Every structure is written in structure tokens, then in C-alpha cells.
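# Structural characterization, general
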Amino acid sequence: MSAGLSPSRPWRRRLDGMLSGISGAVVVLAFLFLLVPLGITGLMAFDSRSYLGPLPPPSFSLQWFERFLSDPYLMQGLRTSLMVSTTAVLIAAAAGVATALFLNRVSPRWSELLTAFFVSPLIVPPVVIGFALLLFLSQVGIVEGFVRLVCGHLILTIPYTIRATLASLAGVDRTLLEAASSLGANERRVFWEITFPLARTGIVAGAIFAFAISMDDVAVSMFLTDATSYTLPVALVSNMRANFDLTIAAASMLLVLFTILLIVVLDRLVGVDRVMGQGLHPA
Amino acid sequence: MLEVRNVTKHFGATVAADAVSFTVAQGEIVSLLGPSGCGKTTTLRLIAGFERPDSGEIRIGGRDVTGTRPYERNVGLLFQHYALFPHMTVRDNVAYGLRHRGWPKAEIPDRVSAMLGLVKLQGLDARLPAKLSGGQQQRVALARALATEPAVVLLDEPLSALDAKLRHELRVEIKEILRSVGSTTIIVTHDQEEAMGMAARIIVMEKGRIRQVGSPDDIYWRPGNRFVAGFVGRSNWFVGRAAGAGGGSPTLSTLTTEDGFELRVAAPNGRAGAIYDVGIRPERLEIVSPGAAPAADETLIVGTVLDVSPLGAERHIVLRLPAGGQLTVIQPNRAAAAPGTGETVTVRARAADWMVLPREGESSGV
Ligand SMILES: Nc1ncnc2c1ncn2[C@@H]1O[C@H](COP(=O)(O)OP(=O)(O)OP(=O)(O)O)[C@@H](O)[C@H]1O
Ligand SMILES: [Mg+2]
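Please read all numbers here as calculations on a predicted model, not as lab measurements.

### Details of the side chain of R171(B)
All names here are of chain B.
- Examined against the element boundaries, R171 turns out to sit in helix α5 (residues 164-181).
- You can call R171 buried: its relative accessible area is 8%.
- Those residues in contact with R171 that sit more than four places away from it in its chain are L159, E193, E194 and M198.

This is the structure:
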């Protein structure tokens, strides 16, 4: 036995070395794969030429940023985006808390089932959500673009707010709740004075994450816009189709900057990995 | 004050509390002692109202509270990990129970200060719990638990998260505070020293059942069964068969061990031939000069020294007996007279010091 094991040791060590080498290379590749398009977009956003020329640009300027910020069509999109996302996230956060509260009370089996149901939009393709919602809303006579967009973004954001809320509530130490109730606080007061305040950061973090998701959406929003209510990403896409210029690169950079800012705030609050992890693995 | 009557609680197939009955008098400190998983915490949680018993009754101050919610019972709790509200200051933590138990608003600040004074934490009232040491946090928790003058105070291993030295200091202090307040208290622990140090009465549990209730001395010197005897303190055990009645003295009898030793013990009331577990605490054994003649109530045991460990205040000496068993002797660690390894020594045991227990699981005729 032991005689057979020892010659295999150096071989195994070599395999381990190879594996860690390969996984290191994969990490670097993944990193490049994610960053290169972003880097190119960044370069292009500062291109001083007025046409699409070979990279790198000979000189840099802020012209595309100026074009973006002075374009009334895109600015209208940005305004709508901010309003739609804010409205949707506020409603989604409230709905998240209400649902989580309810789920906390029903039996664990039901709670699991309902949670799975509420986060199921995560696994439905956004295009399907957008199209189905468009059909449904026209059926019931809702044609106002802003309302339709808010409805669509609710479906996008609610899974995130519910999961974040459930995870935060579940994360509150049970002995604290018991301590409170032994000190004379009934269930309602325990919830509002202990559970909720302690879960609040996690709930807010989930809402911020949901906001970022909502701000970036194209697929669902595309179906739900009308002539006056359209989100910024939708405006950028249609702008690009009409005449390709680099405003989209500048706008993308600003969106990226905005998202990074949100993520920094979020990280300050709880730590990104927690929210990402719980958002990306439904049920 | 507190009455637990025939309370049983199952978790699936495990019986966490099996027909548990005991009472705690007004102002008394009682300790629940037992190995891990024996149902100590469950018993406390039943009293606090976090668990419902399957059957039985719990009364606090004469009132049946069996079916009531935790906040409807006047019970103060101290948890192992303090369970302070992390988002509230020390002051707000201590005031929490006062606010919810309807103390007049105007009196709350004074009451909070008085409680913080009691646990020697004046001046820390604006701190958050995270900014306190473990010992300080447990003091805050104690102040919070006692502030509302609960009818019963329950402490679940309150010191086990602290280091040894602090644990001892705080134990003495908590005991003093509980006494001065006159709290009716149950303290759960699996540390026998803690149990004996804090409580006037100890309830020993095993597998959900109460095995003995008694004073620390009762539990240690007069254990009611082999489990209690084995759980509390160390002892040397033999198995002995009772010789026929008589033997010269009405108060003494002789038990013969498997190895043929004859042990003189205080007479058990069993019939001849009954089998007993016979044990003796190591500190009750005494090394005597060889060749001494035993008195009628003494047994002399000869053995070879296997190991001597000087453990600070005391010295543990392990002997090998001729028949192969071992015997531990504990003596005060004075400079003189430590036997050397390999030496043959004679040990004296007095009849009154033997714990004589009917063999468990065998009908002993008692
Ligand atoms: N909520 C629960 N669900 C299922 N089983 C439980 C539950 N609480 C306790 N038990 C079981 O009941 C038994 C008694 O547990 P308990 O916590 O009362 O023991 P304990 O004496 O406090 O032990 P320890 O010294 O380890 O704290 C154990 O077997 C435990 O596994
Ligand atoms: Mg326990």
C-alpha cells in the first residue's frame, strides 16, 4: 500500500502545480475578457475624432461627454430612467419587506415554495418578461409608458429586494429576539425595534443592487417604452441604430461610473459579495 | 416561587426534558448541572416560554404560566453570548425592559443608573455594546435582566464565553449581586465548580431526567447514583460484593472486590451477595507508614507509585495495584514527603468515606 503511494506523490504535486497554473491563467483571461471591452469603450469615449477611426485615438477630448449631456433626447431618457428605477425600487423594497414579513410567519415549507416563486423572474429571459408584460398590460388597458416601465422594472427588481430582505431578516441573531421578548416586548415590537433595525442595512443594500440592475436594463424596457417615456439604455440603443457616434461610449462610461459609485456605497454598507451571491442564485 | 411540575418536552425522537419536576424557593439560587445535551437549556427555555412543554405545568409566583407567551412572564434572562442589542447604547439596553414592562417614564433614567451602579459600570451608559469587553457586556446583560425585578432569573452558561480568571471574578460578583437583589435564580452550567460555587442547591440532569437534587456537599459526598458520582469530581471505583451479615459491627460491613480486596465500608442496607459500586474521592485517601495496623473501620491498600504530578495546590499520585487496577491519591502539595516513582506505599481509606451505590441496572434489593 504505502510503497504504491510514494511514487505517485511527485506526480500528484506536479498535477497540483499544473492545475493551479491553469486556474490562474483562467482568472487572468476572465479578467481581461471582462475588462478589455470596458477599456476600449473608455478609450473611445475620449476620442477627439468625429468619426469611428482605428484605435488608439491620436488625441483625446471630452466632446462625446458634452454631446451626451447636451442631447435632449438622451437627457430625457436619463430622467425617465432615474424616475422609473427609483419608483420601482421603492415599491419593490416595500413589497420585499411585506413579503418577507409574511414568509417569516408561514411554515418553512410554504416559505420556501413562495420564495422560489417570488424570485423566479430571475430565470425567465427578460425578453419574455417584456413581451408578456406588454401583451398583458395592453389587454387590461394600461398604455401609459411610464406606468408600463415601472411595472416591468418591478418584476426585475422584486426578486432582489425580497431575497436581500429575507437573508437580512434571517441573519438577525435569534437570541436577540428572545432577549427582547423576555424583557416584555411582544412580537410586533420585537420586529420593529430589533429585527428590522438590524436587518435594515442588508435591505438597503439589496435595494441599491436592484437599482443598479434596473438602471442597466434594456431587454424588458424596450417593449414597454412609448414616444415620451423611454429609459436611457433604450435611448442609447436606438440612437446607435440611427447614427453611430461615440456618445454611447461616453454615456456607457458615465453609467459605469455611476454603478461603481453605487457599488462602493453598497460595499461600505455590507460587502458586495453577499448581495451579489444572494441575488444571483435564486432559491 | 417557581414550580416545574412533571414537564416533558420531545424534539422528534429525543426527550429533552423527561418528567422534570422541581421547585425553587423565593430568593434561592439553584444550579442545573449536567453533561452536554442533557436538557439544561431546554428546561430554561421551557420556563422562559420559548418552548411549549408536551405535558406538565410551570407556575411562577403561584400563577400557571404554561401556555403564556415569553413577554407575559416576568422572567429575566442572561445568555451565554450576552445577547445585547447591538444597535442600542448600554443605557437603552438596560432601559429596554423597563420601557416594555410599563415603568413610569420619569423613573427609568434613575433606575438605569442604579442598575449600572450595581454592576459597576457607571459612566459607560452611552457606549455601544461592541465597544465593551466580554465581561463588561455580560454585566450590562445582567443589569438589563435584573432591572425589571423579574420573578425568576435564568442564566444559561453566563460565564462560559469568558476566560478563566475573569470567569472566576465575575462568578463571585454575580453571586453577590443576585444575593443582594434577592433574585430567585436558576443558573445552567456544565462546569461543576461553577455550579457548586454559585448555588445552594444543585439539580443534576442526565438525558432529560433529573438524577439528583441536593446541596453541593450532598452531590459531592453523598451522590445518589453512579452517574452523579461519576459526573461530579473524581473518584476511584471498585465493584464489591456484600459479605454475609454480621462481621462484628452493626454499622460496618465488608465488600469483596473482584480482585479479592476486602473493603471496610459503612453498612449498606442490602442483602448478602448484592453487588455495589464502591468509590472513594482521591483526597480522602491518605498515605500511611508501611506496616501500620488498620483500625476496624479502615482499609489499607498497598500499591506501587506509577506517577506523581505536582499540580500547584495539590499533588496527584497514581498507584498501580497488585491486581492491575489504578488508584489516584490527592494530597496537599507540601514540600515534604512526595513518594518517588516505583516506591511501594500503603494507603488508608476510612469506612465513612466510601460511596456505596447499588449497581445500576441490577436489582439490588434496596
Ligand atoms: N430546537 C431543537 N430541535 C431539536 N432538538 C433539540 C432542540 N433543542 C434541543 N434539542 C435536543 O434536545 C436535547 C437537549 O438539548 P439542550 O440544548 O437542552 O442541552 P443542554 O443540556 O443545554 O446542552 P449544552 O450543555 O450542550 O448546552 C439535545 O439532544 C438537543 O439536541
Ligand atoms: Mg445548553
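### Examining the environment of A235(A)
All names here are of chain A.
- Its location among the elements puts A235 in helix α11 (residues 232-242).
- Relative accessible area serves as the criterion here: at 0%, A235 is assigned to the buried category.
- C-alpha separation for the pair A235 and V150, spaced 85 residues apart in sequence, amounts to 17 Å.
- Beyond its immediate stretch of four places on either side in the chain, A235 contacts Y73, L74 and Y230.

### Focus on the interface of chain A and chain B
- Each side of the interface is counted separately: chain A has 18 residues, and chain B has 20 residues.
- Both sides of the chain A and chain B interface together cover about 1,700 Å² of buried area, and 61% of this is carbon and sulfur.
- Among the residues of chain A in contact with chain B, E178(A), S182(A) and L183(A) are the three that bury the most area, contributing 34% of the side total.
- One can count two salt bridges joining chain A with chain B.
- Across the salt bridge formed by E178(A) and R45(B), the nearest N and O atoms sit 2.9 Å from each other.
- At the surface where chain A touches chain B, the tally comes to nine residue pairs in polar contact (both at pLDDT 80 or more).

### Looking at the sheet that holds strand β12 (residues 252-257) of chain B
All names here are of chain B.
- Here five strands make up an open sheet; going across it, the order is β13-β12-β11-β14-β20 and the pairing antiparallel. Whereas interior strands pair on both sides, the edge strands pair on one side only; in this sheet they are β13 (262-266) and β20 (355-358). Within the sheet, the average angular offset between the axes of one strand and its neighbour, ignoring direction, is 45 degrees.
- Pairing of β12 with β13, which is carried by five bridges, proceeds in the antiparallel orientation. Of the residues in β13, the one forming a bridge with T254 is R264.

### What to know about the domain arrangement of chain A
All names here are of chain A.
- Under the domain assignment used here, chain A contains domain 1 (2-45) and domain 2 (73-275).
- A C-alpha centroid distance of 35 Å is found between domain 1 and domain 2.
- Summed over both partners, the interface of domain 1 with domain 2 comes to about 450 Å²; 90% of that surface belongs to carbon and sulfur atoms.
- The interface formed by domain 1 and domain 2 includes zero salt bridges.
- Taken together, the residues of the side of domain 1 that touches domain 2 sort by class into three nonpolar, two polar and no charged.

### Considerations on the site of ligand 1
Residues and elements named next belong to chain B.
- Lining the immediate environment of ligand 1, one finds F11, A16, S36, G37, C38, G39, K40, T41, T42, E157 and H190.
- One of the backbone nitrogen or oxygen atoms of G37 is found 2.7 Å away from an oxygen atom of ligand 1.
- Measuring from an oxygen atom of ligand 1, one finds a backbone N or O atom of G39 at 3.0 Å.
- For ligand 1, whose unbound accessible area comes to 630 Å², protein coverage reaches 61%.

### Some details on helix α7 (residues 145-170) of chain A
- The end-to-end C-alpha separation of α7(A) is 37 Å, in line with the 38 Å expected for 26 residues at 1.5 Å each.
- Within α7(A), the axis deviates most sharply at T157(A), by approximately 40 degrees, and proline P159(A) lies no more than four positions further along.

### Regarding the packing of helix α2 (residues 90-100) of chain B against helix α3 (residues 108-118) of chain B
Residue and element names in this part refer to chain B.
- Two elements in contact, α2 and α3, have axes separated by 9 Å at closest approach and are oriented at 120 degrees. Classified by the angle their axes make, α2 and α3 are oblique. Both α2 and α3 take part in a crossing whose hand is right-handed. Every residue of α3 that contacts α2 at V90, R91, V94, A95, L98 and R99 is listed here: I108, R111, V112, M115 and L116.

### Looking at the sheet that holds strand β18 (residues 326-332) of chain B
All names here are of chain B.
- Ordered by their spatial adjacency, five strands build an open sheet running β15-β19-β16-β17-β18, and the pairing between neighbours is antiparallel. Looking at strand neighbours, the two that pair on one side only are β15 (286-288) and β18, the edges of this open sheet. Neighbour-to-neighbour, the strand axes of the sheet open up by a mean angle of 50 degrees, direction not taken into account.
- Bridge count between strand β17 (residues 314-320) and β18: seven bridges; the pairing is antiparallel. Counted as the bridge partner of R320 is Q326 from β18.

### A short note on the nonpolar core
- L2(B), F22(B), F85(B), Y96(B), L154(B) and I186(B) are the most contacted members of the largest nonpolar core, which totals 39 residues.
- Setting aside residues up to four positions removed in sequence, L2(B) forms contacts with F22(B), T23(B), V24(B), I47(B), I58(B), R59(B), I60(B), V152(B) and I186(B).

### Looking at unusual backbone geometry
Residue and element names in this part refer to chain B.
- Positive phi, normally seen in glycine, also occurs at A19, with a value near 50 degrees.
- Within the element layout of this structure, A19 appears in strand β2 (residues 14-24).
- In this model, K207 sits at a positive phi of 45 degrees, which is unusual for a non-glycine residue.
- Of note, K207 is situated in the loop between β9 (201-206) and β10 (209-214).

Conventions adopted
Residues numbered from 1 in each chain as written. Chains lettered and ligands numbered in written order. Predicted model: local features only at pLDDT ≥ 70, side-chain atom pairs only at ≥ 80, totals over all residues. Heavy atoms only, no water. Helix = DSSP H or I, 4+ residues; strand = E, 2+ residues; numbered from the N terminus. Buried < 20%, exposed > 50% of the residue type's maximum accessible area, 1.4 Å probe, protein only. Contact = heavy atoms within 4.5 Å. Buried area = accessible area lost by both parts, 1.4 Å probe. Salt bridge = Lys/Arg side-chain N within 4 Å of Asp/Glu carboxyl O. Polar contact = N/O pair within 3.5 Å; in protein donor to acceptor, adjacent residues only side chain to side chain. Pairing = 2+ DSSP bridges. Axes fitted to C-alpha atoms, helices over the stretch in contact; angles between N-to-C directions. Domains from an automatic or database assignment. Nonpolar A, V, L, I, M, F, W, Y, C, P; charged D, E, K, R; others polar. Near = heavy atom within 4 Å. Areas by Shrake-Rupley, 256 points an atom, 1.4 Å probe, with all protein chains shown as cover. Expected span 1.5 Å × (residues − 1). Bend = angle between axes of the 7 residues up to and from the residue. Parallel < 35°, antiparallel > 145°, perpendicular 65-115°, else oblique. Left-handed = near helix turned anticlockwise from the far one by under 90°. Core = buried A, V, L, I, M, F, W, Y, C linked by side-chain atoms within 4.5 Å.

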